[in-house]
Amino acid sequence: RAANQAKYAKQTSDFNVLRTLKNVTLHLGRFQPRTVACRSCNHTYTTYAEKGTDVHVAARLVHAACHHLADRLILITGDNDFWPAVQIAGDEGAVVHVAFVIDPNEPERHQLLRLTQLRRYAQRYIKLDQRFLARCWR
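Since the model is a prediction, treat every value here as computed from it, not as a measurement.

*Asks:* Give me the pairing of strand β1 (residues 30-37): which residues, what numbers.
*Replies:* Two strands pair when backbone bridges link them, and β1 and strand β2 (residues 44-51) are joined in this way by 8 bridges, in the antiparallel orientation. In the sheet register, F31 faces β2, and the bridge partner there is E50. Linking β1 to β2, which pair antiparallel, is a turn of 6 residues; within it N42 sits at a positive phi near 70°.

*Asks:* An account of the side chain of H97 is requested, with residue identities and associated values reported.
*Replies:* With respect to the helices and strands, the residue H97 is situated in strand β4 (residues 95-101). Those residues in contact with H97 that sit more than four places away from it in its chain are R72, L73, I74, L75, R124 and I126.

*Asks:* Residue-level account of the sheet that holds β4, with values.
*Replies:* Paired through backbone hydrogen bonds, the strands of a sheet run either parallel or antiparallel to each other. Reading across from one edge, β3-β4-β5 is the order of the 3 strands in this open sheet, with parallel pairing throughout. Only two strands of the sheet have a single partner each, and these edge strands are β3 (72-76) and β5 (124-128). The sheet shows a mean angle of 20° between the axes of neighbouring strands, direction not considered.

*Asks:* Give me the lowdown on the environment of K51, citing residues and values where you can.
*Replies:* In this structure, K51 sits in strand β2. Judged by its relative accessible area of 38%, K51 is partly exposed. In the structure, K51 is positioned 22 residues away from G29 in sequence and 6.4 Å away in space, judged by C-alpha atoms. Residues within four places of K51 in sequence aside, it is in contact with G29, R30 and Q32.

*Asks:* Explain the state of the cysteines to me, and be specific about the residues and the numbers.
*Replies:* Enumeration over the complete set of coordinates arrives at 0 disulfides. Residue C41 stays outside any disulfide, its sulfur separated by 3.6 Å from that of C38, the closest cysteine. Judged by its relative accessible area of 53%, C41 is exposed.

*Asks:* So, the side chain of Q111: which residues are in play, and what are the values?
*Replies:* Here Q111 lies in helix α4 (residues 108-114). Here E106 takes part through its backbone oxygen, which lies 2.8 Å from a polar atom of the side chain of Q111. Beyond its immediate stretch of four places on either side in the chain, Q111 contacts V101, I102, D103 and E106.

The rules we used
- Residues numbered from 1 in each chain as written.
- Predicted model: local features only at pLDDT ≥ 70, side-chain atom pairs only at ≥ 80, totals over all residues.
- Heavy atoms only, no water.
- Pairing = 2+ DSSP bridges.
- Helix = DSSP H or I, 4+ residues; strand = E, 2+ residues; numbered from the N terminus.
- Contact = heavy atoms within 4.5 Å.
- Axes fitted to C-alpha atoms, helices over the stretch in contact; angles between N-to-C directions.
- Buried < 20%, exposed > 50% of the residue type's maximum accessible area, 1.4 Å probe, protein only.
- Disulfide = S-S within 2.5 Å.
- Polar contact = N/O pair within 3.5 Å; in protein donor to acceptor, adjacent residues only side chain to side chain.

Written as structure tokens, this is what we have:
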């Protein structure tokens, strides 16, 4: 519980920093409770699933491209499901860069394979590893 409170406090602090930046808009998703039953013992517990965030991000990306709201759009994700939005944004003339965080616990080639479709439609893709991120954040 204390670890979760510490994570929440750090996340809140990080969000507050983002809110102070010019030309940065923070859009937060929602967590929806879901009851899950263990298959072995039938014990039930509540877990939370993030809902609506991916669709919101994809819609904002396409909106920004269609309305020419920026010279360059940068999507930071590890989810290949965004490729249709990136394709549409590119078709609308937007320059789209895709950045993704390298998970040190998984071989990089597996991560790159998982993002093949997304990388195909981006004008550039940027690998964000721990060394890169250490220079960027606060």
